[in-house]
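What follows is the residue order along each chain.
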Amino acid sequence: MSSKLTLTDATLGSVGRLLPPSPTLNHLVRYLSTWSGTDKFFMLIQYASKLIIWALQKRAGGKSVAAQRLGKLSAVVSDSRILYRLWGLLPIFQWASALERSPPPTRRLLNIERLQSWSMLLYYPLEHAYYLASHGVIPLPAQKLLQIGVWSCRFWAAYVVLQLLHLTEDRRLLSLRTNALRKSARRRRSGSNAVDTLAPADEEWADVRARAQAIATETVVNLGYLPLTIHWSLEKGLYANDVWTGVFGTIAALGQLRAGWKATALPVPTKAPEPEAPEPVRE
């Protein structure tokens with residue numbers, strides 16, 4: 001192909017020439033190409049918009065046209081995210097099956113995850129019923145619809161509490177592993193000084209640090225979800241100002257975006273993550 005720039009090259013190829021190869025853009029496309037990446041991106045829009053709406057209304061001293069439009073966008077995003085979860089039971093079935101064939105390292109983790117899978121097996125049918133009934137697809141009286149929404153969120157709240165217990169056990173196991181690595185390092189320092197004996201330890205320490213960061217991030221995410229699930233599990237709610245929904249939801253969204261961004265960085269991790277449970281159905 002000729003290196004001379006023609007008029008066709010200058011016009012039709014202008015966008016490509018102006019955009020150099022970008023690892024960040026490649027990473028963004030890779031992340032947003034996953035179902036989880038797209039969901040968490042829209043989750044951030046859904047909850048962060050509540051904070052912006054609150055700020056716009058406060059600035060306007062009441063009603064705001066921009067806030068009303070943003071509220072409609074948030075509602076559309078929320079509705080779409082629930083629609084995309086209509087097949088959510090499938091990965092839960094897969095997870096429950098894998099648990100019995102490749103169990104976690106401790107009996108406590110196994111039972112926690114068993115209970116979590118049961119909470120999601122109860123959550124999803126209720127969420128699906130709530131969503132379809134709220135759109136008039138299946139007939140349900142308003143009071144029954146409210147009860148279904150509340151109970152679905154209670155099962156999700158149970159999942160969140162169990163996940164916090166799971167993370168407590170994860171930290172305990174990580175602490176044991178850290179202590180074992182320290183003892184091993186002391187033995188190596190008192191023995192051979194060969195360089196090749198240090199490489200495996202360095203890799204293990206890097207893995208420990210990455211795991212500690214992942215546990216910290218997931219803890220923040222679930223501490224963001226906890227007040228949301230409690231709020232939606234009560235018929236009268238936990239708080240009156242919807243801005244708190246925006247605060248807690250944004251915290252959870254940012255934490256999951258951070259975790260997902262790291263998980264899709266090259267090289268791609270070989271360990272498959274646990275299936276994600278969605279946040280509650282109510283806005």
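The model shown is predicted, which means the values in this text are computed figures rather than measured ones.

A. The arrangement of the overall build of the chain in detail. The helix and strand inventory of the chain stands at 10 helices and zero strands. N-terminal to C-terminal, the α/β element order of the chain is α-α-α-α-α-α-α-α-α-α. Within the span of the chain, comprising 283 residues, buried residues form 36% of the whole. Nonlocal contacts in the chain, meaning residues at least 24 apart in sequence, comprise 78% of its contacts between residues at least 6 apart. Accessible area of the chain: about 17,000 Å², with a carbon and sulfur share of 65%.

B. Structural detail: the environment of Ile-45. Note on placement: Ile-45 falls in helix H4 (residues 35–60). With residues near it in sequence (within four places) discarded, Ile-45 still touches Leu-73 and Val-77.

C. Just the nonpolar core, in detail. Counting residues in hydrophobic clusters, the biggest one holds 22 residues, and the most contacted among them are Met-43, Met-120, Tyr-124, Trp-156, Tyr-225 and Leu-228. Counting residues per element, the ones that place at least two in this core are H4, helix H6 (89–101), helix H7 (107–134), helix H8 (142–190), helix H9 (199–233) and helix H10 (243–263). Of all hydrophobic cores here, the second largest spans six residues; its members include Leu-164, Leu-167, Leu-174 and Val-208.

D. A look at the pattern of salt bridges. Enumeration over the complete set of coordinates arrives at nine salt bridges. A salt bridge links Glu-127 to Arg-85; its shortest N-O distance comes to 2.6 Å. Highlighted residues: Glu-127 in helix H7 and Arg-85 in the loop between helix H5 (65–83) and H6, separated in sequence by 42 residues. You can call Glu-127 buried: its relative accessible area is 0%. Assessed through its relative accessible area of 3%, Arg-85 is described here as buried.

E. Representation of the side chain of Thr-106 within the structure. Within the secondary structure, Thr-106 sits in the loop between H6 and H7. For Thr-106, a relative accessible area of 17% translates into the label buried. From its side chain, Thr-106 meets the backbone nitrogen of Leu-109 in a polar contact 3.1 Å long. In this view, Thr-106 contacts Glu-169, Arg-172 and Leu-173; residues no more than four positions away in its chain are not counted.

F. Structural detail: the side chain of Lys-50. Of note, Lys-50 is situated in helix H4. Residue class for Lys-50 comes out buried when judged on its relative accessible area of 10%.

G. Structural view of H5. Taking 1.5 Å as the rise per residue, H5 with 19 residues should run 27 Å; its terminal C-alpha atoms sit 27 Å apart, in good agreement. Buried residues of H5: Ala-67, Leu-70, Ser-74, Val-77, Ser-78, Arg-81 and Ile-82, and no others. The buried side chains of H5 occupy one side of the element, clustering within an arc of 130° when seen end-on. The outward face of H5, more than 90 degrees from its buried face, is lined by the exposed residues Val-65, Arg-69, Lys-72 and Val-76. Among the structural elements, H4 and H7 are those in contact with the buried residues of H5.

H. Inspection of a nonpolar patch on the surface at higher detail. Taken together, the side chains of Trp-35, Leu-83, Tyr-84, Leu-86, Trp-87, Leu-90 and Phe-93 make up a nonpolar region of the molecular surface, amounting to roughly 720 Å² of accessible area. Relative to the assigned elements, Trp-35 resides in helix H4. Given a relative accessible area of 39%, Trp-35 falls into the partly exposed group.

I. Highlighting the confidence of the model for the chain. With 89% of its residues at a pLDDT of 70 or more, the chain shows a mean pLDDT of 89. H7 holds the highest mean pLDDT among the elements of the chain, 96, whereas helix H1 (residues 7–12) holds the lowest, 83. This stretch, residues 194–198, has a pLDDT under 50; its non-local contacts, to residues over four places away or in other chains, come to three contacts. A low-confidence stretch, residues 268–272 stays under pLDDT 50, and its non-local contacts, those more than four residues away or across chains, total one contact.

J. Structural context of the packing of H4 against H5. Viewed as axis vectors pointing N to C, H4 and H5 meet at an angle of 155°, and their least axial separation amounts to 9 Å. Overall, the two elements H4 and H5 adopt an arrangement that is roughly antiparallel. H4 and H5 meet at a crossing whose hand is left-handed. Each of Asp-39, Phe-42, Met-43, Ile-45, Gln-46, Tyr-47, Ser-49, Lys-50, Ile-52, Ile-53, Leu-56 and Gln-57 in H4 lies in contact with H5, whose residues at this interface are Ala-66, Ala-67, Leu-70, Gly-71, Leu-73, Ser-74, Val-77, Ser-78 and Arg-81. In terms of residue class, the contact of H4 with H5 is built from 12 nonpolar, six polar and three charged.

K. Structural context of the packing of aromatic side chains. For the structure shown, the criterion picks out nine aromatic pairs. Here Tyr-239 and Phe-248 contribute two aromatic rings whose centre-to-centre distance is 6.3 Å and whose plane-to-plane angle is 55°, an arrangement assigned as tilted. With centroids separated by 5.9 Å and ring planes inclined at 25°, the aromatic side chains of Trp-244 and Phe-248 adopt a geometry described as stacked. On the criterion of helical spacing, the pair formed by Trp-244 and Phe-248 is a turn pair, its members being four residues apart in helix H10. Ring pairs connect the aromatic residues Tyr-123, Tyr-124, Trp-156, Tyr-159 and Tyr-225, which therefore count as one cluster. A cation over an aromatic ring shows up here: Arg-154 above the ring of Trp-151, its NZ or CZ 4.7 Å from the ring centre.

Analysis parameters
- Numbering of residues starts from 1 in each chain and follows the order in which that chain's sequence is written.
- The model is predicted, so local features are restricted to residues of pLDDT at least 70 and side-chain atom pairs to those at 80 or more, both for listing and for counting; the totals for chains, interfaces and linings are taken over all residues.
- As a convention, hydrogens and water are excluded, and side-chain values are obtained from all of the structure's heavy atoms.
- Comment: elements are numbered from the N terminus, with helices defined as DSSP H or I runs of at least four residues and strands as E runs of at least two.
- Whether a residue is buried, partly exposed or exposed follows from its accessible area with a 1.4 Å probe, protein chains only, as a fraction of its type maximum: under 20%, in between, or over 50%, in that order.
- Any pair of residues with heavy atoms lying within 4.5 Å of one another is described as a contacting pair.
- Accessible areas in this description were obtained via Shrake-Rupley with a 1.4 Å probe; residue shielding takes into account the shown protein chains only.
- Put simply, a nonpolar core is a bunch of buried Ala, Val, Leu, Ile, Met, Phe, Trp, Tyr and Cys residues held in one set by side-chain atoms that sit within 4.5 Å of each other.
- A carboxyl oxygen of Asp or Glu within 4 Å of a side-chain nitrogen of Lys or Arg is what we treat as a salt bridge.
- Counted as a polar contact is a pair of N or O atoms within 3.5 Å, where, for protein atoms, one must be capable of donating a hydrogen and the other of accepting one, and residues adjacent in sequence contribute only when both atoms are in side chains.
- Multiplying 1.5 Å by the residue count of a helix minus one yields the expected span of that helix.
- Within this analysis, the arc is defined by the directions that extend from the helix axis to the C-beta atoms.
- Residues forming no salt bridge and having over 30% relative accessible area are the ones grouped into patches, like charges within 9 Å of each other and nonpolar side chains (Val, Leu, Ile, Met, Phe, Trp, Tyr) within 5 Å.
- Within a predicted model, pLDDT stands for the predictor's per-residue confidence, ranging from 0 to 100.
- Between the N-to-C directions of two axes lies an angle of 0 to 180 degrees, each axis being a line fitted to C-alpha atoms and, for a helix, fitted only over the stretch in contact.
- By the definition adopted for this analysis, an angle is roughly parallel if under 35 degrees, roughly antiparallel if over 145, roughly perpendicular if from 65 to 115, and oblique otherwise.
- Left-handed describes a crossing in which the near helix is turned anticlockwise from the far one by less than a right angle; the clockwise case is right-handed.
- Residue polarity is assigned by list, with Asp, Glu, Lys and Arg as charged and Ala, Val, Leu, Ile, Met, Phe, Trp, Tyr, Cys and Pro as nonpolar; anything else, Gly included, falls into the polar class.
- By convention, a stacked pair of Phe, Tyr or Trp rings (six-membered ring in the case of Trp) has centres within 6.5 Å and planes under 30 degrees apart, an edge-to-face pair has planes over 60 apart, and any other such pair is tilted.
- The rule for a charge over a ring is simple: NZ of Lys or CZ of Arg within 6 Å of the ring centre, and within 35 degrees of the ring normal.

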